[in-house]
Amino acid sequence: MTAAWELSRPEHQGKYQVTVYQEGWRLGGKGASGRGASGRIEEHGLHIWLGFYDNSFRMMRQCHAELAAHGLGEVFGDWRDAWTPKNDIALCSQSSDGGFTHWRAHLPPRPGLPGDPLPPNAGFSLTHYLARAFDLFRALLLDTTVNGHGVATASQSSDDPDQLVRRLTWLVRLGSFATTAGLAQLLGLLSSLSRSATPDNADALFGGVEQACASLRKWLEDQWLADNENRYLWEIADLTLATIVGMTRHRIWFDPRGLDAIDDYECREFLHMHGASIRSLQSPFLRGLYDLSMGYENGDLTRPSLSAGQGLRGTMRTFFSYRGAFMWKMRAGMGDVVFAPLYLAMKNRGVKFEFFHRLTNMGMAANGDHVDRLTFDVQARTRRGKPYEPLVIVADKPCWPSRPDFDQLVKGSLMEAEDWQFESHWDRRRAGEKTIRVGKDFDMVVLGVGIGAVPYVASEFVKRDPRWKSMCENVKTVASQAFQVWLDEDLEQLGWQGPAYITGAFAKPFDTWCDMAHVVPEEGWKTRPRTSVYFCAVLPDPADTPRDDDQAYPARRTAEVRDNAAQFLQGPIREVWPHAFHTDGSFRWSLLVPPDDGSHNDSPENHLRFDSQYWRANVNPSERYVIHTPGSYRYRISPLDMTYDNLTICGDWTDSGFHSGCVEGAVMSGLLAAHAICGSPELEDIIAYDHP
């Protein structure tokens with residue numbers, strides 16, 4: 001969608017005639033959402049935009065401005081009406097005593113807003129992040145009291161690197177610090193040194209960093225490790241120190257490869273070899289990182305896998321580069337907030353959308369240098385050949401429905417009765433076939449499917465090009481599972497303490513969840529529930545890969561997720577919602593609110609009320625979540641690669657500059673694909689594309 005947005009810009013004056021071929025009836029891929037019974041928002045999972053998504057927010061801000069200029073401002077409002085800033089996060093993990101420990105944090109707002117132009121001379125460098133890390137340590141230190149007394153600030157006013165190095169050498173020679181004020185002074189020096197570092201003075205400036213970190217670690221162990229109240233701070237500090245030491249030992253601060261220089265290491269392996277304790281490696285902070293990135297090969301929780309380079313890149317961007325708020329919750333579903341506005345804005349521009357077109361083959365020319373044909377299964381045809389109208393109105397907003405409008409389709413009643421699943425890889429029923437050819441029907445191709453679908457839609461390229469084959473084999477994906485519940489009591493009534501956090505590192509199989517009460521007013525209820533809560537996590541793959549003709553496979557996995565979710569509500573959720581249970585220990589199923597539009601009967605048996613809620617298994621090849629395993633970066637192909645002179649690719653599985661399964665990575669890839677075709681946007685205008 002980003003590539004189509006860029007290529008259809010008015011500045012191009014219609015030079016590029018863009019057609020989007022879409023499987024099924026809705027846009028969005030892994031980010032698609034739909035409206036079900038009572039106008040309920042039904043997502044693929046939990047979608048939160050982080051405060052460093054500059055390219056993504058910039059596109060959506062431009063989209064809102066364009067819609068307003070075309071008289072649709074009252075429909076969608078300002079972009080700030082579509083996202084809600086959030087700065088509270090929580091980790092809730094099992095503790096050694098068998099219960100659960102809750103860590104909560106409030107991350108303060110930062111100047112600016114995501115998508116704002118970067119300040120003059122602003123950029124991204126590892127030394128900048130290093131300085132921010134030492135500033136963080138210093139802030140933690142100055143919040144600590146010793147014998148009831150605070151630590152005085154030790155300021156550093158000199159900008160002379162030589163003077164700073166001499167001061168650092170003197171402090172390091174002290175070995176252990178007689179006073180915490182001396183340690184605060186050390187941290188101030190380290191921060192100043194980091195900001196003044198250049199390739200020419202790097203060896204001198206960083207020569208004492210490892211010794212300084214060793215002294216800092218000893219102080220933290222003496223002051224914090226024995227203090228149970230501060231143990232979580234020690235774990236954060238321990239992981240951060242291991243990161244700094246590792247990056248110093250590997251001399252990557254000015255390495256032209258940036259963080260890719262350590263990307264062959266697994267993240268836990270890298271941290272452990274540079275001093276991180278076993279306890280820190282098992283801490284909720286690191287587990288939360290793996291849960292957020294769904295970093296488990298084949299969905300196997302015993303096989304955590306995340307490359308050190310991208311793990312650190314993502315962490316640094318997340319904590320040190322956000323603007324405005326740490327994260328932003330969408331007002332409604334991602335389909336409503338992102339893909340409906342983009343669809344309507346691009347439709348106004350003249351972009352064509354061909355729904356119900358499933359790509360089955362991208363044909364390679366005989367000489368092997370370009371795409372010469374595209375073949376589609378036409379899944380359905382519209383009545384009288386009219387363009388398919390995909391949106392419905394819920395709460396006065398245009399939205400994507402969870403099911404297609406069969407009334408618009410030829411033989412739609414039969415398709416509905418036979419339960420055609422247009423988004424299922426395993427349902428190959430179709431109304432016809434269509435082939436379009438280069439020079440006659442198209443000139444350029446942007447392949448924007450998920451990496452899991454590439455072997456099925458581009459088999460000729462995978463077979464004939466070793467790079468494509470290696471990419472498909474080494475850029476890994478995992479299936480995911482999600483469920484949503486609507487409740488007639490809010491979380492405070494259920495016993496949860498604190499704001500509506502996004503909570504990670506929780507019990508398996510649903511380790512990440514979030515209270516989404518703010519979206520309920522955007523749904524179509526006659527009587528609104530008090531809240532809605534979303535859960536998601538990886539879904540382990542079966543031992544045997546399902547056959548392509550196993551049409552019942554998605555239904556079996558969906559039933560598995562349903563059972564996982566029901567059991568989860570009867571077990572681990574007790575730790576965070578203690579009041580959701582009867583005195584006999586059973587879950588209060590009557591809390592669940594069924595749709596009130598007549599589509600579901602309110603079962604007299606409370607435990608059956610769960611069947612009115614929502615769950616899904618994301619097992620289609622194109623829906624699988626892209627993970628970043630050690631060394632896999634070298635197999636990703638860039639959208640800028642023009643091996644085939646009329647083909648570029650885009651998606652969060654490409655070499656986009658941010659190798660992570662997230663909105664920002666996908667948007668950056670789309671921007672690069674557009675640049676490959678038309679030279680716009682300029683590479684320097686893609687924020688953080690030059691990130692180390």
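This structure is a prediction, so every number in the text was calculated from the model and none was measured. (Residues numbered from 1 in each chain as written. Predicted model: local features only at pLDDT ≥ 70, side-chain atom pairs only at ≥ 80, totals over all residues. Heavy atoms only, no water.)

Caption draft 1: Structural view of the pattern of salt bridges. The tally for this structure, following the rule as stated, stands at 37 salt bridges. Here Arg323 makes a salt bridge to Asp54, at a shortest N to O gap of 2.7 Å. With Arg323 in the loop between helix H14 (308–320) and strand S8 (327–330) and Asp54 in helix H2 (residues 54–69), the pair connects residues that are 269 residues apart, well separated along the chain. The class of Asp54 is buried, set by a relative accessible area of 1%. Arg303 is the salt-bridge partner of Glu297, the closest N and O atoms lying 3.4 Å from each other. (Salt bridge = Lys/Arg side-chain N within 4 Å of Asp/Glu carboxyl O. Helix = DSSP H or I, 4+ residues; strand = E, 2+ residues; numbered from the N terminus. Buried < 20%, exposed > 50% of the residue type's maximum accessible area, 1.4 Å probe, protein only.)

Caption draft 2: Examining the packing of helix H10 (residues 231–249) against helix H13 (residues 284–292) more closely. Where H10 contacts H13, the two axes come as close as 9 Å, and the packing angle between them is 60 degrees. In terms of orientation, H10 and H13 fall into the oblique class. Every residue of H13 that contacts H10 at Tyr232, Glu235, Ile236 and Leu239 is listed here: Pro284, Phe285 and Leu286. Broken down by class, the residue content of the contact of H10 with H13 amounts to six nonpolar, no polar and one charged. (Axes fitted to C-alpha atoms, helices over the stretch in contact; angles between N-to-C directions. Parallel < 35°, antiparallel > 145°, perpendicular 65-115°, else oblique. Contact = heavy atoms within 4.5 Å. Nonpolar A, V, L, I, M, F, W, Y, C, P; charged D, E, K, R; others polar.)

Caption draft 3: Geometry of the sheet that holds strand S5 (residues 83–86). Strand order in this open sheet of three strands is S4-S8-S5, and the pairing throughout is antiparallel. Two strands lie at the open edges of the sheet, namely strand S4 (49–50) and S5, each paired on one side alone. (Pairing = 2+ DSSP bridges.)

Caption draft 4: Up close: the layout of surface pockets. A volume near 990 Å³ is recorded for the second largest pocket. Along the wall of the second largest pocket there are 34 residues; nearest its centre are Ser402, Gln421, Thr558, Tyr614 and Arg616. Within the residue set of the lining of the second largest pocket, elements represented by two or more residues are helix H21 (553–570) and strand S20 (614–618). At four residues, S20 tops the list of elements feeding residues into the lining of the second largest pocket. For the lining of the second largest pocket, the class distribution of residues is 13 nonpolar, nine polar and 12 charged. (1 Å grid on protein atoms, 1.4 Å probe; cavity = no way out; pocket = protein on both sides within 12 Å on 5 of 7 lines; lining within 4 Å. Points joined across faces, edges and corners; volume = space filled by probe spheres on them.)

Caption draft 5: A look at the nonpolar core. Formed by 122 residues in total, the largest nonpolar core has its most connected members in Trp49, Trp83, Leu271, Val338 and Phe422. Those residues in contact with Trp49 that sit more than four places away from it in its chain are Ser56, Phe57, Met60, Trp83, Met327, Trp328, Met330, Met334, Val338 and Val663. Counting 38 residues, the second largest nonpolar core, distinct from the first, contains Trp513, Phe535, Leu539 and Phe587. (Core = buried A, V, L, I, M, F, W, Y, C linked by side-chain atoms within 4.5 Å.)

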